[in-house]
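# Notes for the structure review
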Amino acid sequence: MSNDYDHGRRDGLRLAIAILAAEEAKWAALLGESPSWRTNQTREVRHKTLQVAQKRVQTVLNRLSPKQDDGMSDELAAALDSAGL
């Protein structure tokens, strides 16, 4: 695979992380707000599902990132910072 292709894949994964982070924040704000226990339970499940999805996408992004001996790349650090991770 070409370097541009790999960079594009990483950009797509960063976008997915940002979208999941936004959705997770939306559901986090709604936790426990409903008088219905079923609604609260459903919100908790959705919130946890989004957290797990973020972690899985982050794992894939880490596998696709170029290996460096000096820690995290500037590119990855900036993407994680913008996603709030």
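These lines cover the structure that appears in this document, whether it is placed above or below. A quick note: this is a predicted structure, and the numbers were derived from the prediction, not measured. (Residues numbered from 1 in each chain as written. Predicted model: local features only at pLDDT ≥ 70, side-chain atom pairs only at ≥ 80, totals over all residues. Heavy atoms only, no water.)

### Details of helix α1 (residues 3-30)
Let me state the cut-off plainly: The numbering of helices and of strands both runs from the N terminus, where a helix is a DSSP run of H or I of at least 4 residues and a strand a run of E of at least 2. An expected span of 1.5 Å times one less than the residue number is assigned to each helix. Buried, partly exposed and exposed residues are distinguished by accessible area as a fraction of the type maximum, computed with a 1.4 Å probe on protein chains only: under 20%, between the cut-offs, and over 50%, respectively.
With 28 residues, α1 extends 41 Å between its outermost C-alpha atoms, agreeing within 8% with the 40 Å of an ideal straight helix rising 1.5 Å per residue. Three or more residues of α1 are buried, namely R10, L13, R14, I17, L20, A21, E24 and W27. Once α1 ends, the next one or two residues include G32, with phi positive near 75 degrees.

### Considering helix α2 (residues 37-64)
Because an α-helix completes one turn every 3.6 residues, residues spaced three or four positions apart along the sequence face the same direction. The end-to-end C-alpha separation of α2 is 41 Å, in line with the 40 Å expected for 28 residues at 1.5 Å each. Listed in full, the buried residues belonging to α2 are N40, R43, H47, L50, Q54, V57, Q58 and L61.

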